[in-house]
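Coordinate inspection notes
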Amino acid sequence: MPKTILIILALLISALPLLAQRDITASYQAEARGEYETALAISRELLAAAPNDAFYQVRVAWLLYLQGNYGDAASAYEAAIRLQDSLDAQLGRLNSLLALARYTEALQHSRAQVKLHPENTALLGKGAYAAYMLKDYGTAAEFFARITALQPWDMENRGYLMNNLYLSEQEDAAREQYLFLKKYYPQSQLLPNYQRIFEP
């Protein structure tokens, strides 16, 4: 009998990872169905059982963000960063700050992260957006210029670069971008407005 009990215990212990896996799978499935509250509840249970697990903390933060609970999402991402700093968590916090219209914090956060990840176009784009919303068009142009230096055929961001150069009174530089877009991407939705400026 003791041997049988030991075998049963061993089987139960070996099954624990599978049970956890089914739980996280259920969370993903609930998210796919748009049942964010259920997905969040499962992830919170997993986090409660493993409070130092950075993945579960990021998962909780992401689901809070999907629910539109941006304040709690930002706090949850900060908790994840304290457990394990990662670009995923940093971007999540940045997205939350932008959703909360906390643009000054978002710009500061972007600048700090860009120093660590100078070629990350997602960070650069979010920094540019925060600067634009603050009407700091020169800084926005700097961010967009870095993106186009990394990805010269990214015509959408080149259009934003043109726009912010013009708004920051860098007309000659904006004209250069206008001519580039006119040559390579004439379907840009921004061109008609600038055609009236640069080719009156």
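Quick note: structure is the one above.
In what follows, the accompanying structure is described. (Residues numbered from 1 in each chain as written. Predicted model: local features only at pLDDT ≥ 70, side-chain atom pairs only at ≥ 80, totals over all residues. Heavy atoms only, no water.)

**Thoughts on the overall build of the protein**
Within the protein one finds eleven helices and zero strands. Secondary structure elements of the protein occur, N-terminal to C-terminal, as α-α-α-α-α-α-α-α-α-α-α. Contacts in the protein between residues at least 24 apart in sequence constitute 44% of all its contacts with a sequence separation of at least 6. When the accessible surface of the protein is summed, it comes to about 11700 Å², and 55% of that surface belongs to carbon and sulfur atoms. (Helix = DSSP H or I, 4+ residues; strand = E, 2+ residues; numbered from the N terminus. Contact = heavy atoms within 4.5 Å. Areas by Shrake-Rupley, 256 points an atom, 1.4 Å probe, with all protein chains shown as cover.)

**Things to note about the environment of Glu199**
Tracing the sequence through the fold places Glu199 in the segment after α11 (191–198). For the pair Glu199 and Arg175, spaced 24 residues apart in sequence, the C-alpha to C-alpha distance is 10.0 Å. Excluding residues that lie within four positions of it along the chain, Glu199 makes contacts with Tyr178, Lys182 and Tyr194. In this structure the side chain of Glu199 is engaged in a polar contact, spanning 2.9 Å, whose partner is the side chain of Lys182. (Polar contact = N/O pair within 3.5 Å; in protein donor to acceptor, adjacent residues only side chain to side chain.)

**Remarks on the packing of helix α4 (residues 70–83) against helix α5 (residues 87–99)**
Between α4 and α5, the shortest axis-to-axis distance is 8 Å and the interhelical angle comes to 160°. By the angle between their directions, the pair α4 and α5 is classed as roughly antiparallel. Two packed elements cross with a definite hand, and for α4 against α5 that hand is left-handed. Across the interface between the two elements, Tyr70, Ala73, Ala74, Tyr77, Glu78, Ala80 and Ile81 of α4 pack against Asp88, Ala89, Gln90, Gly92, Arg93, Ser96 and Ala99 of α5. For the contact of α4 with α5, the per-class residue count stands at eight nonpolar, three polar and three charged. (Axes fitted to C-alpha atoms, helices over the stretch in contact; angles between N-to-C directions. Parallel < 35°, antiparallel > 145°, perpendicular 65-115°, else oblique. Left-handed = near helix turned anticlockwise from the far one by under 90°. Nonpolar A, V, L, I, M, F, W, Y, C, P; charged D, E, K, R; others polar.)

**Quick word on a nonpolar patch on the surface**
On the surface, Tyr129, Tyr132, Met133 and Leu167 cluster together to form a nonpolar patch covering roughly 340 Å² of accessible area. Top element by residues in the nonpolar patch is helix α7 (residues 121–133). It accounts for three residues. (Patch = residues over 30% accessible without salt bridge, like charges linked within 9 Å, V, L, I, M, F, W, Y side chains within 5 Å. Salt bridge = Lys/Arg side-chain N within 4 Å of Asp/Glu carboxyl O.)

**Section: the packing of aromatic side chains**
For the structure shown, the criterion picks out 13 aromatic pairs. Pairing Trp62 with Tyr65 gives two aromatic rings, centres 6.1 Å apart and planes at 15°, and the pair type is stacked. With a gap of three residues between them, Trp62 and Tyr65 both fall in helix α3 (residues 54–66), about one helical turn apart. You can call Tyr65 partly exposed: its relative accessible area is 22%. For the ring pair Tyr194 and Phe198, a centre distance of 5.9 Å and an interplane angle of 20° mean the geometry is stacked. (Phe/Tyr/Trp six-rings, centres within 6.5 Å; stacked < 30°, edge-to-face > 60°. Buried < 20%, exposed > 50% of the residue type's maximum accessible area, 1.4 Å probe, protein only.)

**Here's the deal with unusual backbone geometry**
For Ala101, which is not glycine, the phi torsion reads 60° and is therefore positive. Position of Ala101 among the secondary structure elements: in the loop between α5 and α6 (103–116).

**A closer look at the nonpolar core**
In this structure, Leu98, Ala106, Phe143, Phe144 and Tyr178 are the most contacted members of the largest nonpolar core, which totals 28 residues. With residues up to four places along the chain from it excluded, the contact list for Phe143 reads Leu107, Arg111, Val114, Leu124, Gly127 and Ala128. Counting 18 residues, the second largest nonpolar core, distinct from the first, contains Tyr56, Leu63, Ala73 and Ala80. (Core = buried A, V, L, I, M, F, W, Y, C linked by side-chain atoms within 4.5 Å.)

**What to know about helix α8 (residues 137–150)**
Helix length check: α8 (14 residues) gives 20 Å between terminal C-alpha atoms against 20 Å at 1.5 Å per residue, within 8%. Regarding α8, the residues found buried are Tyr137, Thr139, Ala140, Ala141, Phe143, Phe144, Ile147 and Thr148. Those residues of α8 hidden inside the fold are in contact with α6, α7 and α9 (155–167). (Expected span 1.5 Å × (residues − 1).)

**Some points on the pattern of salt bridges**
Here the idea is simple: oppositely charged side chains can pair when their charged atoms come close. Counting across every chain of the model gives seven salt bridges. Taking the shortest distance from any N to any O, the salt bridge between Arg33 and Glu35 comes out at 3.0 Å. Note on Arg33: relative accessible area 52%, which makes it exposed. A salt bridge links Glu199 to Lys182, with the shortest nitrogen-to-oxygen separation between them at 2.9 Å.

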